[in-house]
Amino acid sequence: MFELFQFLALSFGFSLALLLGATELERRAIVARRLGPNGRAILLALFVSAVASLVVTVAAGISGGWIYFFHVLGASIIYHGVMGVSLVHGLQEVSARVAGHGTH
């Protein structure tokens, strides 16, 4: 049981690092006024994290049973939804500040 918790915590940490790293790349591109990225890094990071979380969900289900499968699946859906909305909202705020600063 403790090993399953360690596995889930480690995969959560990797996912968080991936998402925050991609957000930082996007933020730097916005501040530098580069037109290339256009949200691709955050979209790719969310996709990779979601697919990897499905693997983690199956591993949790095999290790702990159906109840763990559904708990981890639900938590993963909520986590990726909240992270996607909050990170994109933050990037939109950065973009608005940069756009507003450039017109004055």
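Remember, it's a predicted structure, so these values are computed and weren't measured experimentally. (Residues numbered from 1 in each chain as written. Predicted model: local features only at pLDDT ≥ 70, side-chain atom pairs only at ≥ 80, totals over all residues. Heavy atoms only, no water.)

A. How the structure looks around the overall build of the protein chain. From N to C terminus, the protein chain includes three helices and zero strands. Shown N-terminal to C-terminal, the secondary structure of the protein chain runs as helices and strands in the order α-α-α. Against the 2.2 N^0.38 benchmark of 13 Å for 104 residues, the protein chain shows a C-alpha radius of gyration of 17 Å, more extended than a compact globule. With the principal axes as the frame, the protein chain shows a C-alpha extent of 60 × 20 × 15 Å. Evaluated residue by residue, the protein chain yields a buried proportion of 25% over its 104 residues. (Helix = DSSP H or I, 4+ residues; strand = E, 2+ residues; numbered from the N terminus. Rg over C-alpha atoms; globule rule 2.2 N^0.38 Å. Buried < 20%, exposed > 50% of the residue type's maximum accessible area, 1.4 Å probe, protein only.)

B. Inspection of the packing of aromatic side chains at higher detail. Applying the stated criterion across every chain, the model contains four aromatic pairs. Aromatic ring contacts, followed pair by pair, group Trp66, Phe69 and Phe70 into a single cluster. (Phe/Tyr/Trp six-rings, centres within 6.5 Å; stacked < 30°, edge-to-face > 60°.)

C. Quick look at the side chain of Glu26. As for its position among the elements, Glu26 is in helix α1 (residues 2–31). In this structure the side chain of Glu26 is engaged in a polar contact, spanning 2.8 Å, whose partner is the backbone nitrogen of Ala41. (Polar contact = N/O pair within 3.5 Å; in protein donor to acceptor, adjacent residues only side chain to side chain.)

D. Inspection of the environment of Leu54 at higher detail. Summarising the element assignment, Leu54 is placed in helix α2 (residues 40–64). Residue Leu54 is classed as partly exposed on the basis of its relative accessible area, which comes to 49%. For Leu54 and Ser76, which are 22 residues apart along the polypeptide, the C-alpha to C-alpha distance reads 8.2 Å.

E. Just the pattern of salt bridges, in detail. All chains considered together, the criterion is met by two salt bridges. As a salt-bridge pair, Arg27 and Glu24 come within 2.7 Å of each other at their nearest N and O atoms. Highlighted residues: Arg27 and Glu24, both in helix α1, separated by three residues, approximately one helical turn. A salt bridge links Glu24 to Arg28, with the nearest nitrogen and oxygen atoms 2.9 Å apart. Of the two residues, Glu24 and Arg28 both sit in helix α1, four residues apart, roughly one turn of that helix. Here the salt bridges share partners, and the residues they tie into one network are Glu24, Arg27 and Arg28. (Salt bridge = Lys/Arg side-chain N within 4 Å of Asp/Glu carboxyl O.)

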